[in-house]
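# Inside the fold
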Amino acid sequence: MMLLHLTGHALETELTARLAEIGLTPRARCVLSGALDAERTQSEIAELASIDKTTMVVTLDALEAAGYAERKPSAVDRRARVVVVTESGREIVAKADQVVADVYESVLGSLPDDERDGLVKGLSRLLEGRLSALVPCDKPPRKRALRHAVG
């Protein structure tokens, strides 16, 4: 468990630093990616990204201020607001996706092919199988937005 935690932290830190170079956070990338090609409400994107409502509002405020996203009324529910990614938002997502791909390639490329394939397959199998359902817990650890952003 500690090895997974330390590895995840190191990867998250590197991704955060690299995305900062283009002016984006992992959370902002996650929100933009969730809104990219689907008409999703703020609540739907927050659920996908495991972001609480307050953090989602702050994140969207920053994305709107940067010109990357807009909140517009939903066509199906007048009370709901959907997140629409602007053209400059699409461009920054493309840059961010390349940054993430480069980091993943660099990290995984540091392993021999058989270890790389085994690691990715093993972790995927755990997430799709044994660890796919959360165990009931009175005080679960806090979810991180990056958890759904890396994939």
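Higher on the page you've got the structure.
All residue numbers refer to position in the chain's written sequence, counted from 1. For a predicted model such as this one, the threshold for reporting local features is a pLDDT of at least 70, and the threshold for listing and counting side-chain atom pairs is 80 or more; totals across whole chains, interfaces and linings nevertheless cover every residue. Processing note: side-chain calculations cover all non-hydrogen atoms of the structure and skip hydrogens and water entirely.

Here we come to the overall build of the protein chain. The secondary structure content of the protein chain amounts to seven helices and two strands. By principal-axis analysis of the C-alpha atoms, the protein chain measures approximately 50 × 40 × 20 Å. Relative to its full complement of 151 residues, the protein chain shows a buried share of 28%. Whether two residues are in contact is decided by their heavy atoms, any of which lying within 4.5 Å being enough. Relative to all contacts within the protein chain whose residues are 6 or more apart in sequence, the contacts with residues 24 or more apart total 59%. Note on conventions: DSSP H or I runs of at least 4 residues are helices, E runs of at least 2 residues are strands, and numbering of each starts at the N terminus. To sort residues, take the accessible area from a 1.4 Å probe on protein chains only and compare it with the maximum for the residue type: under 20% means buried, over 50% means exposed, and anything in between is partly exposed.

So, about unusual backbone geometry. Even without being glycine, S50 reaches a positive phi, approximately 55°. Its location among the elements puts S50 in the loop between α3 (42–49) and α4 (53–65). Here S50 falls in the buried class, since its relative accessible area comes to 16%.

Moving on: the environment of V85. Following the sequence through the fold, V85 ends up in strand β2 (residues 81–85). Put simply, V85 and R71 are 14 residues apart on the chain and 8.9 Å apart in space, counted from C-alpha to C-alpha. When neighbours within four sequence positions are excluded, V85 is seen to be in contact with L32, A35, L36, Y68, A69 and R90.

Next up on the list: the packing of helix α2 (residues 26–35) against α4. Angles run from 0 to 180 degrees between N-to-C directions of axes, and those axes are lines fitted to C-alpha atoms, restricted for helices to the stretch in contact. In contact at an axis separation of 10 Å, α2 and α4 are set at 85° when each is read in the N-to-C sense. One way to sum up the angle between α2 and α4 is to call them roughly perpendicular. Counted together, R27, A28, V31 and L32 of α2 and T55, M56, T59, L60 and L63 of α4 form the full contact between these two elements. Note on residue categories: nonpolar means Ala, Val, Leu, Ile, Met, Phe, Trp, Tyr, Cys or Pro, charged means Asp, Glu, Lys or Arg, and polar means any other residue, Gly included. Class assignment for the residues of the contact of α2 with α4 results in six nonpolar, two polar and one charged. Throughout, the term roughly parallel applies to angles under 35 degrees, roughly antiparallel to angles over 145, roughly perpendicular to angles from 65 to 115, and oblique to all others.

Any Lys or Arg side-chain nitrogen located within 4 Å of an Asp or Glu carboxyl oxygen qualifies as a salt bridge. Overall, the coordinates contain eight salt bridges when judged by the stated rule. The closest approach of N and O atoms between R29 and D97, which form a salt bridge, is 3.0 Å. Residue R29 is found in helix α2, and its partner D97 is found in helix α5 (residues 87–109); the two are separated by 68 residues along the sequence. Take R29: its relative accessible area is 10%, and that puts it in the buried class. One salt-bridge network, in which partners are shared between bridges, spans D61, E64 and R71.

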